[in-house]
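Chain by chain, the residues run as shown.
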Amino acid sequence: MTSTGMQFGIFTVGDVTVDPTTGRVPTEAERIKATVTIAKKAEEVGLDVFATGEHHNPPFVPSSPTTLLGYIAAQTERIELTTSTTLITTNDPVKIAEDYSVLQHLADGRVDLMLGRGNTGPVYPWFGKDIRAALPLTVENYQLLRRLWREDVVDWSGQYRTPLRGFTLAPRPLDSVPPFVWHGSIRSPEIAELAAHYGDGFFANHIFWPPSHTKAMVQLYRQRFEHYGHGGADQAIVGLGGQVFLRPNSQDAVNEFRPYFDNAPVYGHGPSLEEFSAQTPLTVGSPQQVIDKTLSFRDYVGDYQRQLFLLDHAGLPLKTVLEQLDLLGEHVIPVLRKEFAVGRPAHVPGAPTHQSLVAAARQPQIQEAS
């Protein structure tokens, strides 16, 4: 665990996007292999976390996150491997439980996951589901997933899948401790409520909306976390997304990133780069500008546990992404670790890891024995 109790990392959405400066589109194979290279580089430069999204439609490639993360686990030693979405709605909870248990064992516990609903309507019927049932599907599937990881024999019936009778998950979670679960959301208070109810982590995507929205979502989660008796509001487990593009000179960063921003499928052809940066957490500039803006997040969400940056999107070439990671690892993250530790209360927990969860699970046993 890092000295601040915070984890810093990157997340990818795995988009295959034309490079607007060259007109070149990477092949799917190139994009998948590039993602592996980026994850290995993230560990090399000292980041704590690598996260992949889950998408089942072009122009995205990460349709099988556990396959990708298992391959990365074999080539890394330290970095925490997670998802920036695991679709709790269209995936079967039994398959999620199996896949992430296997991944836990392969990666020696360097695994957690972030659950999300997915917002692409056509994907739902591909897996026999209806997007209009997304929220009740989320709640029911997650209730089952939790039981599968925690009970040796599960009898279960619900509305959205066939019943289970005497079902035993194989393999069981590593050390009998399930992976830590984050619930990711951009705009849904119901997801903040779900995370708070179970005492899980809440990840505010934080990349498209103004700080006032993220503040309200995190405050709701913190209040409900305390309401359910998991600890004080400031002990709730919060993660944030963010987007950066940096160069030693801020004007160089703006000039280089502008064509990618202007043509990006998600936010191109809308507000200018300057307008979007002023209204959202996007930071395009020098390492110091990235440091200053990232530190400001604490002003409206409080002390938190995980910060993930989006770096490899909008058609940016692999070479540029690796340069971004060098700058982040050398000039930004060490300062953020130090500054975020200043004034952080001792009772605010660090980001959960497999080791910390195992220790917490064994604590009651030790107390009973004594």
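Just so it is clear, the model here is predicted, and its values are computed rather than measured.

The rules behind these values
- Residues numbered from 1 in each chain as written.
- Predicted model: local features only at pLDDT ≥ 70, side-chain atom pairs only at ≥ 80, totals over all residues.
- Heavy atoms only, no water.
- Helix = DSSP H or I, 4+ residues; strand = E, 2+ residues; numbered from the N terminus.
- Rg over C-alpha atoms; globule rule 2.2 N^0.38 Å.
- Buried < 20%, exposed > 50% of the residue type's maximum accessible area, 1.4 Å probe, protein only.
- Salt bridge = Lys/Arg side-chain N within 4 Å of Asp/Glu carboxyl O.
- Pairing = 2+ DSSP bridges.
- Right-handed = clockwise from strand over helix to strand, strands pointing away.
- Axes fitted to C-alpha atoms, helices over the stretch in contact; angles between N-to-C directions.
- Parallel < 35°, antiparallel > 145°, perpendicular 65-115°, else oblique.
- Left-handed = near helix turned anticlockwise from the far one by under 90°.
- Contact = heavy atoms within 4.5 Å.
- Nonpolar A, V, L, I, M, F, W, Y, C, P; charged D, E, K, R; others polar.

Q: Just to check I follow, could you spell out the overall build of the protein chain for this structure?
A: Scanning the protein chain from terminus to terminus reveals 12 helices and 12 strands. Taken over the C-alpha trace, the protein chain has a radius of gyration of 20 Å; the compact-globule value for 370 residues is 21 Å, and the two agree within 12%. Reported as C-alpha extents along the three principal axes, the dimensions of the protein chain are approximately 60 × 50 × 40 Å. In the protein chain, which comprises 370 residues, the proportion classed as buried is 54%.

Q: Help me out: how do you make sense of the pattern of salt bridges in this one?
A: Two side chains carrying opposite charge are able to pair once their charged atoms lie near each other. As enumerated under the stated definition, the model contains 20 salt bridges in all. Residues R224 and E193 are paired through a salt bridge, measuring 2.8 Å at the closest nitrogen-oxygen approach. One end of the pair, R224, is in helix α7 (residues 211–227); the other, E193, is in helix α6 (residues 189–198), and 31 residues separate them in sequence. Owing to a relative accessible area of 24%, E193 belongs among the partly exposed residues under this scheme. Linking R258 and E274 is a salt bridge whose minimum nitrogen-to-oxygen distance equals 2.6 Å. One end of the pair, R258, is in helix α8 (residues 250–263); the other, E274, is in helix α9 (residues 273–279), with 16 residues separating them in the sequence.

Q: Is there a simple way to think about the pairing of strand β2 (residues 49–52) in this case?
A: The two faces of the sheet receive side chains in turn, since in a regular strand these alternate between them. Here β2 shows a buried face lined by V49 and A51 and a second buried face lined by F50 and T52. Note: strand β1 (residues 7–12) against β2, 4 bridges, orientation parallel. What sits directly across from G9, in β2, is V49. Between the parallel pair β1 and β2, the chain is carried across by helix α1 (residues 28–44), and the sense of this crossover is right-handed.

Q: Sorry if this is basic, but what is going on with the packing of helix α5 (residues 134–150) against α6 here?
A: A pair of packed helices is characterised by two quantities: the angle between their axes and the separation of those axes. Running from N to C, α5 and α6 point in directions that differ by 20 degrees, and their axes come no closer than 11 Å. Regarding the angle of α5 to α6, the classification is roughly parallel. Relative to α6, α5 is oriented so that their crossing is right-handed. Residues L135, T138, V139, Y142, Q143 and R146 of α5 form the contact with α6, whose own contacting residues are E190, I191, L194 and Y198. Across the contact of α5 with α6, the residue classes break down as 6 nonpolar, 2 polar and 2 charged.

Read these as geometric descriptors, not functional statements.
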